[in-house]
4 protein chains.
Amino acid sequence: VTVDEVGVAMLGYSFMGKAHTRALLALRHLDVPLRPKLVSISGRNAEAVERVRETWGWGAAVTDWREQVADERVGLFDNGGPNAVHVEPTIAAARAGKHVVCEKPLGLTADESHRMWQEAERAGVRHLCGFNYRFVPAVRLARELIEAGELGDVVHFRSRYLQSWGWEADPTLWRFDRAQAGSGALGDLGSHIIDLARYLVGEIRAVSSAVRTIVPGREVDDHFVATVEFENGIVGTLEASRLARGRINSNAFEVNGSKGSLAFDVERLNELEVADTRSFRRVLVTEPYHPFMRYWWPPGHIVGWGDTFTHELGHMLEAIAGEHEVAPHGATFEDGYRCSEVAEAILRSAESGRREEVTYR
Amino acid sequence: VTVDEVGVAMLGYSFMGKAHTRALLALRHLDVPLRPKLVSISGRNAEAVERVRETWGWGAAVTDWREQVADERVGLFDNGGPNAVHVEPTIAAARAGKHVVCEKPLGLTADESHRMWQEAERAGVRHLCGFNYRFVPAVRLARELIEAGELGDVVHFRSRYLQSWGWEADPTLWRFDRAQAGSGALGDLGSHIIDLARYLVGEIRAVSSAVRTIVPGREVDDHFVATVEFENGIVGTLEASRLARGRINSNAFEVNGSKGSLAFDVERLNELEVADTRSFRRVLVTEPYHPFMRYWWPPGHIVGWGDTFTHELGHMLEAIAGEHEVAPHGATFEDGYRCSEVAEAILRSAESGRREEVTYR
Amino acid sequence: VTVDEVGVAMLGYSFMGKAHTRALLALRHLDVPLRPKLVSISGRNAEAVERVRETWGWGAAVTDWREQVADERVGLFDNGGPNAVHVEPTIAAARAGKHVVCEKPLGLTADESHRMWQEAERAGVRHLCGFNYRFVPAVRLARELIEAGELGDVVHFRSRYLQSWGWEADPTLWRFDRAQAGSGALGDLGSHIIDLARYLVGEIRAVSSAVRTIVPGREVDDHFVATVEFENGIVGTLEASRLARGRINSNAFEVNGSKGSLAFDVERLNELEVADTRSFRRVLVTEPYHPFMRYWWPPGHIVGWGDTFTHELGHMLEAIAGEHEVAPHGATFEDGYRCSEVAEAILRSAESGRREEVTYR
Amino acid sequence: VTVDEVGVAMLGYSFMGKAHTRALLALRHLDVPLRPKLVSISGRNAEAVERVRETWGWGAAVTDWREQVADERVGLFDNGGPNAVHVEPTIAAARAGKHVVCEKPLGLTADESHRMWQEAERAGVRHLCGFNYRFVPAVRLARELIEAGELGDVVHFRSRYLQSWGWEADPTLWRFDRAQAGSGALGDLGSHIIDLARYLVGEIRAVSSAVRTIVPGREVDDHFVATVEFENGIVGTLEASRLARGRINSNAFEVNGSKGSLAFDVERLNELEVADTRSFRRVLVTEPYHPFMRYWWPPGHIVGWGDTFTHELGHMLEAIAGEHEVAPHGATFEDGYRCSEVAEAILRSAESGRREEVTYR
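As a convention, each chain's residues are numbered from 1 in the sequence order in which they are written. Here chains are named by letter from A upward and ligands by number from 1 upward, in the order in which they appear as written. Local features in this predicted model are restricted to residues whose pLDDT is 70 or higher, and side-chain atom pairs enter the listing and the counts only when it is 80 or higher, whereas totals over whole chains, interfaces and linings include all residues. As a rule here, side-chain values come from all non-hydrogen atoms in the structure, and water together with hydrogens is ignored.

**Concerning unusual backbone geometry**
Phi is mostly negative for residues that are not glycine, and the peptide bonds are mostly trans.
So, step 1. Here the residue pair A:K104 and A:P105 is connected by a cis peptide bond, since its omega of -10 degrees sits within 30 degrees of zero.
So, step 2. Secondary structure counts use DSSP, requiring at least four H or I residues in a row for a helix and at least two E residues in a row for a strand, with both numbered from the N terminus. Within the element layout of this structure, A:P105 appears in the loop between β5 (99–102) and α5 (110–123).
So, step 3. Positive phi values are uncommon outside glycine, yet D:F292 reaches one of about 70 degrees.
So, step 4. Within the element layout of this structure, D:F292 appears in the loop between β14 (280–284) and α9 (307–320).

**Points about the relation of the copies chain B and chain D**
So, step 1. Once turned by 180 degrees and shifted 0.0 Å along the axis, chain B lies on chain D with an RMSD of 0.0 Å. Taken together, the rotation and translation relating the two chain copies correspond to the operation of a two-fold axis. The position closest to the rotation axis in chain B is occupied by the C-alpha of B:R281, lying 1.9 Å away.
So, step 2. Two residues qualify as a contact provided that any one of their heavy atoms is within 4.5 Å of a heavy atom in the partner residue. When the interface residues of chain B are mapped onto chain D, 100% of them are again interface residues, pointing to one common binding face. Fitting of the copies onto one another was done by least squares over C-alpha atoms, counting residues only where both copies have pLDDT of at least 70.

**Focus: the state of the cysteines**
Residues and elements named next belong to chain B.
So, step 1. The disulfide criterion used throughout: a pair of cysteine sulfur atoms within 2.5 Å. Enumeration according to the criterion identifies zero disulfides over all chains in this entry.
So, step 2. Lacking any disulfide linkage, C129 is separated from the closest cysteine sulfur, that of C102, by 6.3 Å.
So, step 3. Left without a disulfide partner, C339 is nearest to the cysteine sulfur of C129, which lies 7.2 Å away.
So, step 4. The rule is simple: take the accessible area with a 1.4 Å probe, protein chains only, and divide by the maximum for that residue type; under 20% is buried, over 50% is exposed, in between is partly exposed. Classification of C339 as buried rests on a relative accessible area of 3%.

**Observations regarding the relation of the copies chain B and chain A**
So, step 1. Laying chain B over chain A is done by rotating through 180 degrees and shifting 0.0 Å along the axis; what remains is an RMSD of 0.0 Å.
So, step 2. Looking at the interface residues of chain B, 100% of them are also at the interface in chain A, so both copies use one shared face.

**Comments concerning helix α5 (residues 110–123) of chain C**
Residue and element names in this part refer to chain C.
So, step 1. Helix length check: α5 (14 residues) gives 20 Å between terminal C-alpha atoms against 20 Å at 1.5 Å per residue, within 8%.
So, step 2. When we look at burial in α5, the residues that qualify are A110, E112, S113, H114, M116, W117, E119 and A120.
So, step 3. Looking one or two places after α5, you find G124, whose phi comes out positive at around 70 degrees. Between the first and last residue of a helix there are one fewer steps than residues, each counted as 1.5 Å, and that sum is the expected span.

**Quick notes on the interface of chain B and chain D**
So, step 1. With eight residues of chain B at the contact, the number on the chain D side is nine residues.
So, step 2. A buried area of about 770 Å², summed over both sides, lies between chain B and chain D, and 31% of it is on carbon and sulfur atoms.
So, step 3. For salt bridges, the criterion is a side-chain nitrogen of Lys or Arg within 4 Å of an Asp or Glu carboxyl oxygen. The interface formed by chain B and chain D includes three salt bridges.
So, step 4. Linking D:R278 and B:E287 is a salt bridge whose minimum nitrogen-to-oxygen distance equals 2.9 Å.
So, step 5. We define a polar contact as two N or O atoms separated by no more than 3.5 Å, with the added condition that, inside protein, one atom must be a possible hydrogen donor and the other a possible acceptor, whereas residues neighbouring each other in sequence contribute only through side-chain atom pairs. Where chain B meets chain D, there are seven residue pairs in polar contact (both at pLDDT 80 or more).
So, step 6. Throughout this entry, Asp, Glu, Lys and Arg are counted as charged residues, while Ala, Val, Leu, Ile, Met, Phe, Trp, Tyr, Cys and Pro are counted as nonpolar. The remaining residues, Gly among them, count as polar. By residue class, the composition of the side of chain B that touches chain D is three nonpolar, one polar and four charged.
So, step 7. Bridge analysis of strand β14 (residues 280–284) of chain B against β14(D) gives three bridges, and the strand direction is antiparallel. Buried area: the accessible surface (1.4 Å probe) lost by two parts on joining, summed over both. Pairing between strands requires that DSSP locate at least two bridges from one strand to the other.

**Considerations on the interface of chain B and chain A**
So, step 1. At the interface, 52 residues of chain B touch 52 residues of chain A.
So, step 2. Regarding the contact of chain B and chain A, the summed buried area is about 3800 Å², with carbon and sulfur atoms giving 53% of it.
So, step 3. When the area that chain B buries against chain A is broken down by residue, the three leading residues are B:R245, B:R278 and B:R355, summing to 16%.
So, step 4. Taken together, chain B and chain A are joined by eight salt bridges.
So, step 5. Secondary structure elements with two or more residues in the side of chain B that touches chain A: β7 (154–162), β8 (204–212), β9 (223–230), β10 (235–241), β11 (250–257), β12 (261–265) and α10 (333–352) of chain B.
So, step 6. Class assignment for the residues of the side of chain B that touches chain A results in 19 nonpolar, 20 polar and 13 charged.

**Some points on the pairing of strand β4 (residues 74–79) of chain A**
Residues and elements named next belong to chain A.
So, step 1. The element β4 is largely enclosed, with a buried count of six among its six residues.
So, step 2. Bridge analysis of strand β1 (residues 4–11) against β4 gives five bridges, and the strand direction is parallel. Paired with G7 across the strands is V74, a residue of β4.
So, step 3. Note: β4 against β5, four bridges, orientation parallel. If you follow F77 over to β5, its bridge partner there is V100.
So, step 4. The parallel pair β4 and β5, bridged by helix α4 (residues 87–95), forms a crossover whose chirality is right-handed. For crossovers, right-handed means that the path from the first strand over the helix to the second runs clockwise, given strands pointing away from the viewer.

**With respect to the sheet that holds strand β5 (residues 99–102) of chain B**
All names here are of chain B.
So, step 1. Pairing within the open sheet is parallel, and its six strands lie in the order β3-β2-β1-β4-β5-β6. In this open sheet, the two edge strands, each paired with only one partner strand, are β3 (60–62) and β6 (127–129). Here the strands of the sheet are splayed against their neighbours by 25 degrees on average, with no regard to which way each runs.
So, step 2. One ladder, built from four bridges, connects strand β1 (residues 4–11) with strand β4 (residues 76–79); its direction is parallel. By the bridge assignment for β4, M10 is matched with D78. Working convention: axes come from line fits to C-alpha atoms, limited for helices to the stretch in contact. Angles between N-to-C directions cover 0 to 180 degrees.

**Notes on the packing of α4(A) against α5(A)**
All names here are of chain A.
So, step 1. Remark: α4 packs on α5, axes separated minimally by 8 Å, with the N-to-C direction vectors making an angle of 10 degrees. Here α5 runs roughly parallel to α4, going by the angle between their axes. Counting all contacts with α4, which are made through V87, T90, I91, A94 and R95, the residues of α5 involved are E112, R115, M116, E119, A120 and A123.
So, step 2. The residue inventory of the contact of α4 with α5, partitioned by class, reads six nonpolar, one polar and four charged. Roughly parallel refers to an angle under 35 degrees, roughly antiparallel to one over 145, roughly perpendicular to one between 65 and 115, and oblique to any angle outside these ranges.

**Section: the sheet that holds strand β5 (residues 99–102) of chain D**
In any sheet, the strands associate via hydrogen bonds between backbone groups, in a parallel or an antiparallel arrangement.
Residue and element names in this part refer to chain D.
So, step 1. The parallel open sheet is built from six strands, whose spatial order is β3-β2-β1-β4-β5-β6. Both edges of this open sheet fall to β3 (60–62) and β6 (127–129), since each of them pairs with a single strand only. Each neighbouring strand pair of the sheet contributes to a mean axis angle of 25 degrees, computed without reference to strand direction.
So, step 2. Pairing of strand β1 (residues 4–11) with strand β2 (residues 34–42) involves eight bridges; the strand directions are parallel.

**Quick word on helix α2 (residues 46–56) of chain A**
Residues spaced three or four apart along an α-helix point in a common direction, a consequence of the helix completing one turn every 3.6 residues.
Residue and element names in this part refer to chain A.
So, step 1. Taken as a whole, α2 has its buried residues at A48, V49, V52 and W56. Along the axis of α2, the buried residues cluster in a sector spanning 95 degrees; they form a single face. Turned more than 90 degrees away from the buried face of α2, the exposed residues are E47 and R51.
So, step 2. Taken together, the buried residues of α2 touch α1 (15–27), β2 (34–42) and β3 (60–62).
So, step 3. At the N-terminal end of α2, a side-chain oxygen is found 3.1 Å from the backbone nitrogen of E47, two or three residues along, and the residue is N45.
So, step 4. The first or second residue beyond α2 is G57, which carries a positive phi of 80 degrees. It is the directions from the helix axis to the C-beta atoms whose arc is reported.

**Description of the packing of helix α1 (residues 15–27) of chain C against helix α9 (residues 307–320) of chain C**
In a pair of packed helices, the angle between the axes and the distance between the axes together describe the arrangement.
All names here are of chain C.
So, step 1. Running from N to C, α1 and α9 point in directions that differ by 65 degrees, and their axes come no closer than 8 Å. Classified by chirality, the crossing of α9 by α1 is right-handed. Judged by residue contacts, M16, A19, H20, A23, L24, A26 and L27 of α1 engage F309, T310, L313, G314 and L317 from α9.
So, step 2. Across the contact of α1 with α9, the residue classes break down as nine nonpolar, three polar and no charged. Note: crossing handedness is left-handed where the near helix turns anticlockwise from the far helix by less than a right angle, and right-handed where it turns clockwise.

**Brief notes about the packing of aromatic side chains**
So, step 1. Two rings from Phe, Tyr or Trp (for Trp, the six-membered ring) form a pair when their centres sit within 6.5 Å of each other. Planes less than 30 degrees apart are called stacked, planes more than 60 degrees apart edge-to-face, and all others tilted. One pass over the structure, following the stated rule, counts 56 aromatic pairs over all chains.
So, step 2. A centroid spacing of 5.6 Å and a plane angle of 20 degrees characterise the contact between A:W117 and A:Y337, whose relative ring orientation is stacked. Taken as a pair, A:W117 in helix α5 and A:Y337 in helix α10 (residues 333–352) lie far apart in primary sequence, 220 residues in all. Like A:Y337, A:W117 is buried.
So, step 3. Geometrically, the ring pair formed by B:F157 and B:F230 is edge-to-face, given 6.2 Å between the ring centres and 90 degrees between the ring planes. With B:F157 in strand β7 and B:F230 in strand β9, this residue pair connects regions lying 73 residues apart in the sequence.

Purely geometric stuff here, so don't read any function into it on its own.
Printed below as a string of structure tokens:
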């Protein structure tokens, strides 16, 4: 079997650059219909990019993403840079006919996100927003159980994403710079749980919230709390914090339905708690019939956080090859945009002290 | 040593009647400054009350609580009846100079609760509202750790009280009758977590909420979600539900502070999770130096839910004997009233779609 | 309904004296066919016994148990004293026609235990050995599930009882005195898990073990390990320690069968982990249809360790009233004796370095 | 920086072949002093090997491992084939001057293992036996904490490795064929926990055991139980089973010392429970200062089971480059041999019914 290749250009060489690159390398040896070829990686610091290029075996290191956009060998543009450099390069790439992946949150504002979505649609390319937690096997299983009616009618959703590094963090980090990051815990952590709420339960209609900056001198929010109402009338809560001592990366949700419940926490990424009526069973999501397990090991041999990117980018390659759409299991730019609208409604509500409708243009 | 006795009259002979009676019997043999004497128990069904009287050894069974209020042998009137019979008998007893205990929620409305508090104050008697979860050793320990500064500045609180019996419940239950119960999950479960939020963190200033009745034909709410803002500016969430499959009696909270965090769940009543910076330790709250353990066993031998009433009523007996005030560790009628105001603000916010200030008269 | 009374005489006023007395008091108000009457309590220290008598309302305090044995009002003799005073008073009471309860381990030696059993049988009285963990609702449920075939054929059992107080314990404690205690962790903790192994799986045929005293100057063992073979050929392990930092009272077992598994830990006394094939469900053993729950609360309101004695002594009262035998759910003196034989085989094996058959005379 | 390469030849293309290949591919991009070059892979089924070669990018597919042993480009021979083909190819490779990695159990017998060790030593090559659980970050951390004295004197060790696939397994699997597998749960699972016991606590002096085959028609053992005594006199237990319903891959141990305890389970591979005196903390072993975390992500982003092979083979590459010895953190063939002797002593003890000394030649 000869497998076609798709040239990939990556923007960003730090945390997300590393996560995506490892996944692309892994996908060269897995059962996907297109084999990724690592054409070039870009970043502002020439020396650092060159070092990363060499380490990971990218074909070229460039300091101007425009070169990547202009490169005919590139079929997929993967934007893993800081939030402030999402909009322009991604739109340029889409206009140049490249399929596009962009990390979350999609734009710095709902307006930016909307433009990114519209441009990608107009260009007719595949687009995926990097909500990688959809690609945790236990999360995909949660979605499948809900869709199969195992929970009956969903009536309640709660979610919180708690970390604690915010207390001692280096104040010069780009994540605390409003211009580069847009927001704090809301955009960074909140966007993940907004997306999971939408993926698992449905569209969000209204929110009521409070947003706080606690650490003196910080430009962005440290944590927020919100109640949400979904389009079907059901209710839930969302919370995120960088100031929750004892929690390292606890992205946790619970879904309650008329026939059952589900509970999950990223800190135990391979487990899904499943209740039918009176009790929860702890399912280790590593069986051959569980999502994505075709890539991996016999039961009980867990996958890691980094492997979610393999699942995600593998999904994108399948979509590019025409095997399926990016939606509903992958987040599209529309999902990225809708998430931005919810985040902005959360900010509006915190200001207004009112339940704010989420409006989509 | 001769220990003085205090005559007790109990209203209500069902769930709470049994819980209180067992505690009173236990307290006859524990180290408290007043020994409770079971003078009389009352209820509307003469036959049922007589059966309970005989079982538990109450001195008399009566069908009119006014007899109890008029009884000179009674020093403490303990109201464990349905919510709708809280206000009148309790006020009458206080006016007659009896110390009063009343189950939660205190009144059917904030107005009733306020009158109960005012009348008890005016009468100069001791008053305690039955928020028994304050008397879980792990909860008292949580309060002590917060007061001792072990958590630093508290910045975030979250709490949810989840049960699941609402799906299949008998529709004729008084708990579903608006006239008798006032509200549903909000008054029954929500009042507990409102009280714990106030006990652990402080006064609540404003709430934003959504309240829902899901099961067709039901008069009262099945669940609610709320964000809260405390007087010191910090934020949190409250949720309660009778429709959370897999949860039986999960009254759980988490407190995050600048130096540490705490987590608790009533389903594991003897455990407190305590984090300093990066991890939680599971503390089994059964050491000799832990709250209330003077009543009990060597370490590791857990107490039960029923024992919290022994702690609570022992605390009341000590207060009657003048050893300490009911507050701050016991909930007074003022606490019961303030809880009612928060509950009403939650209802107002659900209606108005706005953040509602909690106003105290 | 008039309920008959049975006069109880208690030997021992310390840890077990308190636990049994509380249970007897509770049983005066519960649905049992005989109401216990607290006739007398005995102990060597007159002052201390009198104090306990007054606290708990025993009719009399005596310093010579022979008075109790001679007392015609006494129908049940309950021996909760130190191990060295089990054999003589218990046999005397049985010979005097009293029903007998004796704390575990039954005798200091298998020989003593055998005599106690034989004498009680000869006297034709009811006899119960205080293995109270059989009366944990989750443990009874475990037995019921196994009997009902829910686990299929049992093939493997493992159990360990871990505490940590041994490191810093007062060296003058009677538990470290070989003459009074007989053995250390083996008799104190090991006897409990030997009994549970027999209760849940069946008779033990052979053991291989190692027993160690670690803390300098100590006369009795600090911990032991053993493999066991049951009469039906299946295998398992037993371990107990007073030197396991971080464990307070962790009496835990796991049973594996051809169709399912069970796991339990006393530190979470109200929970039973139940596996069918691939995963464990956490069952909160507080449903109305769960063992002993007729005495207690609605689902999710947990019982305490002390309540197991209420179940145990209630069971004994029912047996005295002829409602059922003590066996199989209560441990008889035969069970106490058989446990002693297993314990002695463990000591023999530790000495001989051989698998030792458990021999019953 | 130019990094030298080392040519690798792999024997075996199934479970272990895949696990090792993925790790070798990952190591081409990580900070190790030698970059692995995938020279050739071998197996008996030409078609299958060719398919794997193509998938993973091995340079050549061969059906005779002798070609690999004779290949001058090969510096490291990695044997991940079935147990029966460990001894001959591995010794041949070592004699040819190749460094050798061999999966566990090392030989089918202690004699085979001993020859493998002696031959590798004689050849002067680096040798590593594939006990990959030493390379779980939490396990390495456990060893470091013990070495640093955080637990004080270790006094007790317990370990069990439980799976459940044995009940329904395909009877034609090589793992059930005595000629190919040597033993069942003992060699497959038991060897892992014997190695961890030795790694964490020290040399094993004697064992007492029972070994059982339960499923009809099976040639090898399904489970075993054993007590062990270490050279320093302390005691422990080992158990392994393929018949433990509800357990998927539960390789769990607990270490108790005079100052603290540790507990671990592979099903929660990223967590280590650490007790000082009275309680366990759940440490998420993902901090920058934790073992192997230099390869990975920010705190709280867990690694997977497959990543332990990256750690293991990275360690071997460092040893080949002379940065450190394979021991003590990697298992050498001496460790593989010593493990075989313990396994054989377990079999002898099961037969003899006696405590058997572990003898090393």
